[in-house]
Amino acid sequence: MTPLLIFSVFFLMGAYFVFAAVQGDYGIFRRVQVESEIETLRSELDALEAQVADMRNKTRRLSDNYLDLDLLDMQARATLGLMRSDEILLR
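Residues numbered from 1 in each chain as written. Predicted model: local features only at pLDDT ≥ 70, side-chain atom pairs only at ≥ 80, totals over all residues. Heavy atoms only, no water.

Enquirer: Account for helix 3 (residues 69-80), naming residues and giving values.
Expert: In a regular helix each residue adds 1.5 Å, so twelve residues correspond to 16 Å; helix 3 covers 16 Å between its end C-alpha atoms and thus fits that length. Phi turns positive one or two residues past the end of helix 3, at Gly81, with a value near 70 degrees. (Helix = DSSP H or I, 4+ residues; strand = E, 2+ residues; numbered from the N terminus. Expected span 1.5 Å × (residues − 1).)

Written out as structure tokens, the structure reads:
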């Protein structure tokens, strides 16, 4: 009877460790989920870095040292709704 009991205990321990390795906090399924989150966050980071680069470019182009008049005109039109006196507005 003792060999059956020992075998049962070892089998249950092995089953527990296999279950923990697959579905536990540090298991395979959790690892796949974390890697998916990492990819999602990396793509979001890339998009945000592109936005920051665009804003830095616009800020530099509107600075005192380097003034881009076309960008300034475009920003004034978009923000304030301005237009020149010689332009015709079509709706």
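Enquirer: Any chance you could break down the packing of aromatic side chains for me, citing the residues and the numbers?
Expert: On inspection of all chains with the given rule, the structure shows two aromatic pairs. An angle of 25 degrees between the planes, with centres 6.4 Å apart, marks the rings of Phe7 and Phe11 as stacked. Taken as a pair, Phe7 and Phe11 lie in helix 1 (residues 2-23) at a separation of four residues, close to a single helical turn. Accessibility classification places Phe7 together with Phe11 in one group, the exposed group. (Phe/Tyr/Trp six-rings, centres within 6.5 Å; stacked < 30°, edge-to-face > 60°. Buried < 20%, exposed > 50% of the residue type's maximum accessible area, 1.4 Å probe, protein only.)

Enquirer: Describe helix 1, with residues and values.
Expert: The terminal C-alpha atoms of helix 1 lie 31 Å apart, and with 22 residues this matches the ideal 32 Å at 1.5 Å per residue to within 8%. For helix 1, a buried count of zero out of 22 residues is recorded, marking the element as mostly open to its surroundings.

Enquirer: So what about the pattern of salt bridges? Which residues, and what values?
Expert: In total, this model carries five salt bridges according to the counting rule given. For Glu35, the salt bridge identified is with Arg31, shortest N-O distance 3.1 Å. Residue Glu35 and its partner Arg31 are located together in helix 2 (residues 28-61), separated by four residues, close to a single helical turn. For Glu35, a relative accessible area of 41% gives the class partly exposed. Notably, a salt bridge pairs Arg61 with Asp68, separated by 2.7 Å at the nearest N-O pair. We classify Asp68 as buried; its relative accessible area is 17%. (Salt bridge = Lys/Arg side-chain N within 4 Å of Asp/Glu carboxyl O.)

Enquirer: Got a sec to walk through the environment of Ser36? Specific residues and values, please.
Expert: Position of Ser36 relative to the elements: it lies in helix 2. On the basis of relative accessibility, which here comes to 44%, the residue Ser36 falls in the partly exposed class. Placed eleven residues apart in sequence, Ser36 and Asp25 show a C-alpha to C-alpha distance of 16 Å.

Enquirer: So what's going on with the environment of Ile6? Residues and values would help.
Expert: Within the element layout of this structure, Ile6 appears in helix 1. In the structure, Ile6 is positioned 69 residues away from Gln75 in sequence and 79 Å away in space, judged by C-alpha atoms.

Enquirer: Break down the side chain of Asp68 for me, with residues and values.
Expert: As for its placement among the helices and strands, Asp68 is situated in the loop between helix 2 and helix 3. Looking at Asp68, its side chain comes within polar contact range of the side chain of Arg61, at 2.7 Å. Not counting the four nearest positions on each side in its chain, Asp68 is found in contact with Arg61 and Leu62. (Polar contact = N/O pair within 3.5 Å; in protein donor to acceptor, adjacent residues only side chain to side chain. Contact = heavy atoms within 4.5 Å.)

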